[in-house]
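# Notes for the structure review
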Protein chains: 2
Amino acid sequence: MRDVAVIGVGNTKFGELWEYSLRDLFVEAALKALDDAGVDMIDSIYVGTMSSGMFVDQEHIGALVADYVGKKHVPALRVESACASGGFAFRQGLIEVAGGFSDIVLVGGVEKMTDTEDATFALSSAADQDNESYFGATFPALYAMIARAHMHKYGTTRDQLAAVSVKNHNNGSLNPDAQFGRKITIEAVKKSVMVAEPLTILDCSPVTDGAACAVICPLEMAGKFKKKPIKVIGTGVATDTIALHSREDITTLKAVQLSADRAYQMAGKKPGDIDLAEVHDCFTIAEIVVTEELGFAEKGKGGLLVEEGKTALDGEIPINTSGGLKSKGHPVGATGIAQVAEIVRQLRGEAGERQIDNPKVGLTQNMGGSGASSVTHIFEVV
Amino acid sequence: MRDVAVIGVGNTKFGELWEYSLRDLFVEAALKALDDAGVDMIDSIYVGTMSSGMFVDQEHIGALVADYVGKKHVPALRVESACASGGFAFRQGLIEVAGGFSDIVLVGGVEKMTDTEDATFALSSAADQDNESYFGATFPALYAMIARAHMHKYGTTRDQLAAVSVKNHNNGSLNPDAQFGRKITIEAVKKSVMVAEPLTILDCSPVTDGAACAVICPLEMAGKFKKKPIKVIGTGVATDTIALHSREDITTLKAVQLSADRAYQMAGKKPGDIDLAEVHDCFTIAEIVVTEELGFAEKGKGGLLVEEGKTALDGEIPINTSGGLKSKGHPVGATGIAQVAEIVRQLRGEAGERQIDNPKVGLTQNMGGSGASSVTHIFEVV
């Protein structure tokens, strides 16, 4: 297998982008990524989209975006793993390049979420329709149950949940592409509208339009493009039961753990080697549990990790320097690629006001549903 | 890259299967394929589904089927390229095994189409929503335009269109898993209900529930399983404009041509080397155009090819021995894998009453939308 590098990244602003259609979003992100790499010809496209059918009545997204990016005839495929669709698109590109099938691949993600009347219904298609969604168990409810169980079992506090949101809004205030650019307080989170106890609206990631893209190629070719290449050193994927109630312990996200173990093993790295990470904070409790599964905190101590400032921009292991899903926004299919874009910019030293000090190794973790699928990647400065 | 072989295939019966949910369908096909191969452990799953969101409000199909097949934690991913989703799932498995990422991969396709009120609306999401579907150009209309243009340009006749349906129903009458097991006549096709001139209901493939799966592994491992392995010798994919009106010539399916050229080149084969093919006859005109693009007939002579009986079971190049999409049924995400299952059974000599005489090389061609994506595979007896 060949080593693979990221040579370009690009994204739209994230937010309620009434003036953009799904295809407009993808084209803007793709052209920015191709320009960032200094690449025109590509061999293949992968695009992650969670539910373009339910959001905007459009499937066949691979062919659509190839056409609108001006690359008709090039192989193009949409992949879907709910909110992890972007991370999986990255992985499929990686497999294709590493295996020698293609050289230059455009990997992207896109979601146009604000054109539907009921985004929560469309999103609930990522849970078990027959046994969860049909009975009204939407995602805020499912993650609220995880939060309650985590609080009960490990003593995680309401303020620790809120601390995730405060940190991520702080980071997002330094990201010009973020949906929400304002700093918030613990009090503001706790006093905001209740969604599903104990989660208020400021514990929840928003409904967002947006797209992100990356360009990858074999590491041996990567030197000839515009920007410093960033090597992909690990990839890992795992699944879990689709329904939350089928798991032995709902405070554990087994797919996250396994996807991370597999990526660490391939990379020859351990949690202590990681300088920063973008993780899937669809709800504040999600970031807490995920940081535990990734090995950044002991099991049950994820709340303490954020409360003590260890995941802040100037902490031991900065988490979600981009603002995360919470503040940057969560256009579900695009999120996994937006995470890659942030890590690449940080490792290049191009993250502007939110740049951390000289990072060498970064990690992305992107998941679907209540953690029924997870994909982890590890990146290193060459 | 490693050579790859198919070691197991399985499918449900195709039809209006009221007693099956989407997950039931996949599980039955998967267990049959695993049993056919004599395999229990798998490394990864790919599943093709066109629009499970619009059909049954369920996305996140990779994690769902991994769970219900009893393989939670195994990597699993849904891919979508409209009605070519199954063919693309096969290709992603092939890339993963050939590249050395996995050894044994379950590739499948599934669609549960009869639980929605408006399957035609869901299917129209494979066309250009903004410029075709929104204005009422559903697929029967788009293919009717292709048919009219082909008749005008090449003299293709109404009877030649009908001959495709008659042939495929004849083949389907020999396939116990087919949705429609009855033979029909040219007159019956012409006299059936008009859908979009010149296409009547018997020129159109039906709305179908069904699933199909295959198990693949490196050729070097393939000898130790239950059945005679069938080698995959070529794969090719291409895209075209999503909207029919953006093409220079609507009687040509450029993506089909390119996907075939790429597969022929990889396989070192030419059209004359192919002993039988399963092709995408979503409408009768589609089979005629596709046989031309695959090189089985000169451009414009596809109608004559079927009319002269050359694509019949005992013809020079039998096409759609399974009954094709027309008679076997077209559960859109499953179709590409069902094609593979038919070719594998024919090359093993297991096709029962519809078995052709000692075939050595078979081809599958599966497409999405009005031909905006196409995927071709070539298979050979080891």
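Residues numbered from 1 in each chain as written. Chains lettered and ligands numbered in written order. Predicted model: local features only at pLDDT ≥ 70, side-chain atom pairs only at ≥ 80, totals over all residues.

## Focus: the overall build of chain A
In terms of regular secondary structure, chain A is built from 14 helices and 11 strands. Its C-alpha radius of gyration of 19 Å places chain A within 12% of the 21 Å reference for a compact globule of 382 residues. Principal axes of the C-alpha set define a box for chain A whose edges measure 55 × 45 × 40 Å. (Helix = DSSP H or I, 4+ residues; strand = E, 2+ residues; numbered from the N terminus. Rg over C-alpha atoms; globule rule 2.2 N^0.38 Å.)

## Thoughts on the relation of the copies chain A and chain B
Two copies of one chain are present, and they are related through a rotation about an axis combined with an axial shift. Of the two same-sequence chains, chain A is brought onto chain B (RMSD 0.0 Å, axial shift 0.0 Å) by a rotation of 180 degrees. This pairing of chains is accounted for by a two-fold axis. A shared binding surface is used by both copies, with 100% of the interface residues of chain A retained as interface residues in chain B. (Least-squares fit on C-alpha atoms with pLDDT ≥ 70 in both. Contact = placed C-beta atoms within 7 Å.)

## Thoughts on the interface of chain A and chain B
Counting from both sides, the interface comprises 52 residues of chain A and, opposite them, 52 residues of chain B. Of all the secondary structure elements, the ones that give two or more residues to the side of chain A that touches chain B are α2 (52-56), α3 (61-68), β3 (76-80), α4 (85-98), β8 (230-239) and α10 (254-267) of chain A. In the side of chain A that touches chain B, the residues fall into 23 nonpolar, 19 polar and 10 charged. Here β3(A) runs beside strand β3 (residues 76-80) of chain B; their pairing, made up of 3 bridges, is antiparallel. Residue A:V79 lies in a different strand from β3(B), and its bridge partner there is B:V79. (Nonpolar A, V, L, I, M, F, W, Y, C, P; charged D, E, K, R; others polar. Pairing = 2+ DSSP bridges.)

## Let's talk about the environment of A:M54
By the secondary structure assignment, A:M54 is in helix α2. The residues contacting A:M54, other than those within four sequence positions of it, are A:T116, A:A122, A:S125, B:G53 and B:M54.

## Remarks on the domain arrangement of chain A
All names here are of chain A. For chain A, the domain assignment lists domain 1 (4-118 + 207-222) and domain 2 (140-204 + 233-323 + 337-381). Taking only C-alpha atoms, the centre of domain 1 and the centre of domain 2 are 23 Å apart. Between domain 1 and domain 2, the contact holds 25 residues from the first and 21 residues from the second. Only β1 (4-11), α4, β4 (105-111) and β7 (210-218) provide two or more residues apiece to the side of domain 1 that touches domain 2. Counting residues per element, the side of domain 1 that touches domain 2 draws most heavily on α4, at 7 residues. Residues of the side of domain 1 that touches domain 2, tallied by class, amount to 14 nonpolar, 9 polar and 2 charged. (Domains from an automatic or database assignment.)

## Looking at the packing of helix α6 (residues 139-154) of chain A against helix α11 (residues 284-293) of chain A
Residue and element names in this part refer to chain A. Following both chains from N to C, one finds α6 and α11 inclined at 55 degrees, their axes separated by 9 Å at the closest point. Viewed along their axes, α6 and α11 adopt a mutual orientation that is oblique. Our pair here, α6 against α11, has a crossing hand that is left-handed. On α11, the residues touching Y143, I146, A147 and H150 of α6 are I285, A286, I288 and V289. In the contact of α6 with α11, the residues fall into 7 nonpolar, 1 polar and no charged. (Axes fitted to C-alpha atoms, helices over the stretch in contact; angles between N-to-C directions. Parallel < 35°, antiparallel > 145°, perpendicular 65-115°, else oblique. Left-handed = near helix turned anticlockwise from the far one by under 90°.)

## Overview of the packing of helix α7 (residues 158-172) of chain A against α11(A)
All names here are of chain A. One can describe the packing of α7 onto α11 by two numbers: an axis separation of 8 Å at closest approach and a directional angle of 95 degrees. Taken together, the axes of α7 and α11 lie roughly perpendicular to each other. For the pair formed by α7 and α11, the contact residues are Q160, L161, A162, V164 and S165 on the first element and T284, I285, E287 and I288 on the second. Within the contact of α7 with α11, the residues separate by chemical class into 5 nonpolar, 3 polar and 1 charged.

## Some words on the pairing of strand β11 (residues 373-381) of chain B
Residues and elements named next belong to chain B. Most of β11 is tucked away, with 7 of its 9 residues classed as buried. Relative to β11, strand β8 (residues 230-239) runs antiparallel, the two being bridged by 9 bridges. Bridge pairing in β11 places I230 opposite V381. Here strand β10 (residues 361-368) runs beside β11; their pairing, made up of 8 bridges, is antiparallel. Residue pairing for β11: M367 is matched across the bridge by S374. Taken together, β10 and the strand that follows it, β11, pair antiparallel across an intervening segment of 4 residues, in which G369 is found at a positive phi of about 60 degrees. (Buried ≥ 20, exposed ≤ 12 C-beta atoms within 10 Å, placed from the backbone.)

## As for the nonpolar core
Ranked by internal contacts, the top residues of the largest apolar core, which has 264 residues, are A:A214, A:I216, A:I337, B:A214, B:I216 and B:I337. In this structure, A:I337 is in contact with A:G48, A:G86, A:A89, A:F90, A:V107, A:G108, A:G109, A:A212, A:C213 and A:A214, ignoring residues within four places of it in sequence. (Core = buried A, V, L, I, M, F, W, Y, C linked by C-beta atoms within 7 Å.)

## A look at the environment of B:K254
Within the secondary structure layout, B:K254 lies in helix α9 (residues 254-267). Since 20 C-beta atoms lie within 10 Å of it, B:K254 is described here as buried. For the pair formed by B:K254 and B:S133, sequence separation is 121 residues and the distance between their alpha carbons is 21 Å. Apart from residues no more than four positions distant in its own chain, B:K254 is found in contact with A:H73 and B:D240.

## Some remarks on helix α10 (residues 284-293) of chain B
Residue and element names in this part refer to chain B. Among the 10 residues in α10, 10 count as buried, and that is most of the element. Where α10 is concerned, the buried positions are T284, I285, A286, E287, I288, V289, V290, T291, E292 and E293. Packed against the buried residues of α10 are α6 (139-154), α7 (158-172), α9, α11 (302-307), α12 (324-328) and β10. Just downstream of α10, G295 is the residue with a positive phi angle, here 90 degrees.

## A look at the environment of A:G349
Residue and element names in this part refer to chain A. Locating G349 in the fold gives a position in the loop between α14 (335-348) and β10 (361-368). Among the residues examined, G349 registers 14 C-beta atoms within 10 Å and is labelled partly exposed. In sequence terms G349 and P359 are 10 residues apart; their C-alpha atoms lie 8.2 Å from each other.

## Brief notes about unusual backbone geometry
Residue and element names in this part refer to chain A. The residue after E197, namely P198, is reached through a cis peptide bond having omega 5 degrees. Within the secondary structure layout, P198 lies in the loop between β5 (194-196) and β6 (199-200). Its identity as a non-glycine residue notwithstanding, A82 has a phi of 55 degrees, on the positive side. Structurally, A82 is set in the loop between β3 and α4. Of the residues examined, A82 has 31 C-beta atoms within 10 Å and is grouped as buried.

## Some remarks on α10(A)
Residues and elements named next belong to chain A. Look at α10: 20 Å from first C-alpha to last across 14 residues, which is about the 20 Å you get at 1.5 Å a residue. Considered for burial, the residues of α10 that qualify are K254, A255, V256, Q257, L258, S259, A260, A263, Y264 and A267. With its phi angle positive at about 65 degrees, G268 sits one or two positions after the end of α10. (Expected span 1.5 Å × (residues − 1).)

## Things to note about the pairing of β7(A)
All names here are of chain A. Of all 9 residues making up β7, 8 are buried, and the element is well covered by its neighbours. With 7 bridges connecting them, β1 and β7 associate as antiparallel partners. Looking across to β7, one finds that V9 is bridged to A214. Strand direction decides the pairing type here: β4 and β7, joined by 7 bridges, are antiparallel. Directly across from E111, in β7, lies its bridge partner G210.

## Observations regarding the confidence of the model for chain A
Residues and elements named next belong to chain A. Of the residues in chain A, 100% have a pLDDT of 70 or more, and the chain-wide mean is 98. Within chain A, the element-level pLDDT minimum falls on helix α5 (residues 119-123), averaging 95, and the maximum on strand β9 (residues 276-278), averaging 99. The ipTM, which scores confidence in the relative placement of chains, is 0.98 for this predicted complex, and the corresponding pTM is 0.98. (pLDDT = per-residue confidence, 0-100.)

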